[in-house]
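Structure at a glance
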Amino acid sequence: MTAATQIPGYVAGTWTIDPVHSDVAFIVRHLGVSKVRGRFNTISGTIVTGEDPAASTVTATIVADSIDTKNEQRDGHVRSADFLHVEEHEHLTFTSTAVRIDGEEIEIDGDLTLHGVTKPVTLTGELGGFGDGPNGKVLGVSASTEIKRSDFGVGGGIPAAVVSDKIKVELDVEAGLQA
């Protein structure tokens, strides 16, 4: 029995990330006492599921300017040179380097580029599965990771005193099978 046949409904193919049914969110501590949540509203990318699930790949692009923390003033500050500097760094990107699937559990190693700096990260989570949607086959994946702003050169000085260095990133992705 192959790894692919152990995953119910597994389909090898090329999938397009559905931005309407996908979410890239983050959680960061503010003043060391509370958590602020936000998300990026614009994501695109491709998932290629290989005949062998370990040969699968993920590429994703997030528009930095699409940040949304439900506070326009804060969003403007995070877009500024103090943090994301979206005028110089328009996108965040992720390119996988390895995929490990064990049942519903998944680990995706890859290179995250944020603020012009590329660092390795590992996303851990679950394979939501494969199913039928109104427009064809769909797959779902939920994963998270934790990064340090300072590793990517984001927000030194005053921002460092206000916002924690540690940021939790949570992803819920749905993708549709390309014809």
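A brief look at the structure comes next. What you see is a predicted model, and the numbers here were worked out from it, not measured in a lab.

Calculation criteria
Residues numbered from 1 in each chain as written. Predicted model: local features only at pLDDT ≥ 70, side-chain atom pairs only at ≥ 80, totals over all residues. Heavy atoms only, no water. Buried < 20%, exposed > 50% of the residue type's maximum accessible area, 1.4 Å probe, protein only. Helix = DSSP H or I, 4+ residues; strand = E, 2+ residues; numbered from the N terminus. Pairing = 2+ DSSP bridges. Salt bridge = Lys/Arg side-chain N within 4 Å of Asp/Glu carboxyl O. Contact = heavy atoms within 4.5 Å. Polar contact = N/O pair within 3.5 Å; in protein donor to acceptor, adjacent residues only side chain to side chain.

Some words on the pairing of strand 4 (residues 43-49)
Along strand 4, the buried face is formed by Ile43, Gly45, Ile47 and Thr49; none of Ser44, Thr46 and Val48, which line the opposite face, is buried. As paired strands, strand 1 (residues 13-17) and strand 4 are joined by four bridges and run antiparallel to one another. Looking at strand 4, one finds that Trp15 is bridged to Ile47. Both strand 4 and strand 5 (residues 57-63) contribute to a ladder of six bridges, which runs antiparallel. For Gly45, the partnering residue across the bridge sits in strand 5 and is Ala60.

With respect to the pattern of salt bridges
Within this structure, the stated rule accounts for six salt bridges. Among the salt bridges present, the one from Glu107 reaches Arg100, with a minimum N-O distance of 2.8 Å. Classification of Glu107 by relative accessible area gives partly exposed; the value is 33%. Residues joined by salt bridges that share partners form a network here, namely Arg100, Glu107 and Asp109.

A word on the environment of Asp165
Of note, Asp165 is situated in strand 11 (residues 163-177). Along the backbone, Asp165 and Asp132 are 33 residues apart, and their C-alpha atoms lie at a distance of 40 Å. Excluding residues that lie within four positions of it along the chain, Asp165 makes contacts with Ile147, Lys148, Arg149 and Ser150. A distance of 2.7 Å separates a polar atom in the side chain of Asp165 from the backbone nitrogen of Ser150.

Description of unusual backbone geometry
Of note in this structure, Leu31 is not a glycine but carries a positive phi near 55°. Along the chain, Leu31 turns up in the loop between strand 2 (23-30) and strand 3 (34-40). The exposure class of Leu31 is exposed, given its relative accessible area of 53%. Located in the positive-phi region is Lys70, a residue other than glycine, with phi close to 65°. Within the element layout of this structure, Lys70 appears in the loop between strand 6 (67-68) and helix 1 (72-79).

Concerning the environment of Ile108
Looking at the secondary structure, you find Ile108 in strand 8 (residues 105-114). Placed 14 residues apart in sequence, Ile108 and Thr122 show a C-alpha to C-alpha distance of 5.5 Å. Not counting the four nearest positions on each side in its chain, Ile108 is found in contact with Val58, Phe94, Ser96, Ala98, Val99, Val121, Thr122 and Leu123.

Nothing here speaks to function; it is all geometry.
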